[in-house]
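This is what each chain is made of:
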Amino acid sequence: EKGNYPHFMLKEIFEQPETIENAIRGRIDHEMGTAILNGMNLSPRELALINRIVIAGCGSSMHAGMLGEYYFEDIAGISTSVEQAAEFRYRNPIIEPNTLVIPISQSGETADTIAAVREATAKGAVVTALCNVVGSTIARESGRGVYLHAGPEISVASTKAFSSQVVVLLLFALLLGRNRRLSRSEGNELADQIEQIPELIRSVLLQAPEIKKIAERYADKEDFFYIGRGCLYPTALEGALKLKEISYIHAEGYHAAELKHGPISLLDERHPVLALANDIPGKDKIIGNIQECRARKAPVVAVITRGDSAVRSMTQDVIEVPPCSRFIAPLPTTVALQLFAYYVAVARGCEVDQPRNLAKSVTVE
Ligand code: M6R
């Protein structure tokens, strides 16, 4: 039921502090500074042997996987690649005995991701899935994995499942990192940061009225670029997907460095840019990108870290998120982008929960 919310999407956006608490509950061991993910069912020896990770998913689940790549490589030092699940099956992927395959799927019923699970299993990979729907095909066929505990996601646009996927990937990176190169105190530091995510998201949700005002000023645009760097690059892709899927505005997510390699030729007053300029490594470069956009008269909406004045002189349209590390920043930032997409779609009179041409789970190839 929608309760007091006009749409399931808004309800699900606002549920995120609780759904993330559910994803974390019982999964952090402060004594050892690590995560406990029993469903993975991997012995310490199996964990130690993993020397490569391949993540497969579609849409938002693939974007969560792209963040997983940053986490597994940077936190745990394990070489990781992400495959669009449909590609996985058809390009004869290299699966070695110590390759771990992680399919990610909210529904657990996406045809391409099921096919990837079957391909990986046939090639002898260790498969551990991240699913939300309990007992779904992917959860059953993978045999082991971690549930997201986000509760039913009704809106076609994925919100709370995405954020829980990212949190579970962080927990898994913490576990693998402690199994390898992280000290107990480093592990605990990351665990503390993960536990603060619900509070960070609450503080973004409090800004919904301001985000709504900015969204309404941009609701008549027909094109949008989203740019980010590092962990905020997959975040930009996810933000752009959310906007195009529910508002029917053409939106493209780009790595900010790619602007100069083509898309900048499009920029003018009709092509706004949503820049993720949080105060994390790479911020100076993003500020340079914002200046390049402004020089071409492109309107800029910037996500910044609260209290950071560096970007304020370049645009009045800023959305503030609370300070946090580069690994955590995608979460509050994504929530801000979900709200932005939602309010743009509402202002355009779109059918938010049931966008045209889309199904909640894509069960055909
Ligand atoms: O159920 P799944 O996570 O496997 O679904 C994958 C995609 O179809 C899904 O994330 C889709 O991109 C969403 N509508 C995005 O909001």
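That block above? That's the structure.
Residues numbered from 1 in each chain as written. Predicted model: local features only at pLDDT ≥ 70, side-chain atom pairs only at ≥ 80, totals over all residues. Heavy atoms only, no water.

(A) Main features of the pattern of salt bridges. Using the criterion set out here, one finds 22 salt bridges in the structure. Among the ionic pairs, R89 bridges to E365, the shortest N-O distance being 2.7 Å. In this pair, R89 is assigned in helix α5 (residues 85-90) and E365 in the segment after α14 (330-347), connecting sequence segments 276 residues apart. Its relative accessible area of 30% is what places R89 among the partly exposed residues. Between K242 and E238 there is a salt bridge whose closest N-O contact spans 2.7 Å. Placement of the pair is K242 and E238 together in helix α12 (residues 232-247), with a separation of four residues, close to one helical turn. Under the relative-accessibility criterion, K242 is labelled buried at 1%. Given the relative accessible area of 1%, E238 is considered buried. (Salt bridge = Lys/Arg side-chain N within 4 Å of Asp/Glu carboxyl O. Helix = DSSP H or I, 4+ residues; strand = E, 2+ residues; numbered from the N terminus. Buried < 20%, exposed > 50% of the residue type's maximum accessible area, 1.4 Å probe, protein only.)

(B) A look at helix α4 (residues 59-76). With 18 residues, α4 ought to run about 26 Å at 1.5 Å a step, and its terminal C-alpha atoms sit 25 Å apart, in line with that. Of all 18 residues making up α4, 13 are buried, and the element is well covered by its neighbours. Just beyond α4, the residue with positive phi is G77, at close to 70°. (Expected span 1.5 Å × (residues − 1).)

(C) Structural context of the pairing of strand β5 (residues 99-105). Within β5, seven of the seven residues are buried, leaving the element largely enclosed by the surrounding structure. Neither face of β5 is left uncovered, since the one carrying T99, V101, P103 and S105 and the one carrying L100, I102 and I104 both have all their residues buried. As paired strands, strand β3 (residues 52-57) and β5 are joined by five bridges and run parallel to one another. The partner of I55 across the bridge, within β5, is I102. Pairing analysis gives four bridges linking β5 to strand β6 (residues 126-131), with the strands arranged parallel. (Pairing = 2+ DSSP bridges.)

(D) Looking closely at the layout of surface pockets. Volume-wise, the largest pocket comes out at about 540 Å³. Taken together, 25 residues line the largest pocket, and the ones lying closest to its centre are G59, S60, E245, K360 and V362. Mapped by element, the contributors of at least two residues to the lining of the largest pocket are α4, β5 and α12. In terms of residues, the lining of the largest pocket owes the most to one element, α12, which gives four residues. Within the lining of the largest pocket, the residues separate by chemical class into eight nonpolar, eleven polar and six charged. (1 Å grid on protein atoms, 1.4 Å probe; cavity = no way out; pocket = protein on both sides within 12 Å on 5 of 7 lines; lining within 4 Å. Points joined across faces, edges and corners; volume = space filled by probe spheres on them. Nonpolar A, V, L, I, M, F, W, Y, C, P; charged D, E, K, R; others polar.)

(E) Examining helix α8 (residues 160-178) more closely. The terminal C-alpha atoms of α8 lie 27 Å apart, and with 19 residues this matches the ideal 27 Å at 1.5 Å per residue to within 8%. Counted residue by residue, α8 has 18 buried out of 19 residues, so it is predominantly covered.

(F) Representation of empty space enclosed by the protein within the structure. Going through the model one piece at a time under the given rule, you end up with two cavities of 30 Å³ or more. By volume, the largest cavity amounts to about 50 Å³. Lining the largest cavity are R229, L232, L276, N278, I280, P281, G282, K283 and I286. Each pocket or cavity is described by its volume, and for the second largest cavity that value is around 30 Å³. Taken together, T235, E238, G239, K242, T334, L337 and Q338 form the lining of the second largest cavity.

(G) View of the environment of A215. Turning to its location among the elements, A215 is positioned in helix α11 (residues 208-218). Here the alpha-carbon distance between A215 and A345, two residues 130 residues apart in the chain, equals 8.8 Å. Discounting chain neighbours no more than four positions away, the residues touching A215 are F340, Y343 and V344. (Contact = heavy atoms within 4.5 Å.)

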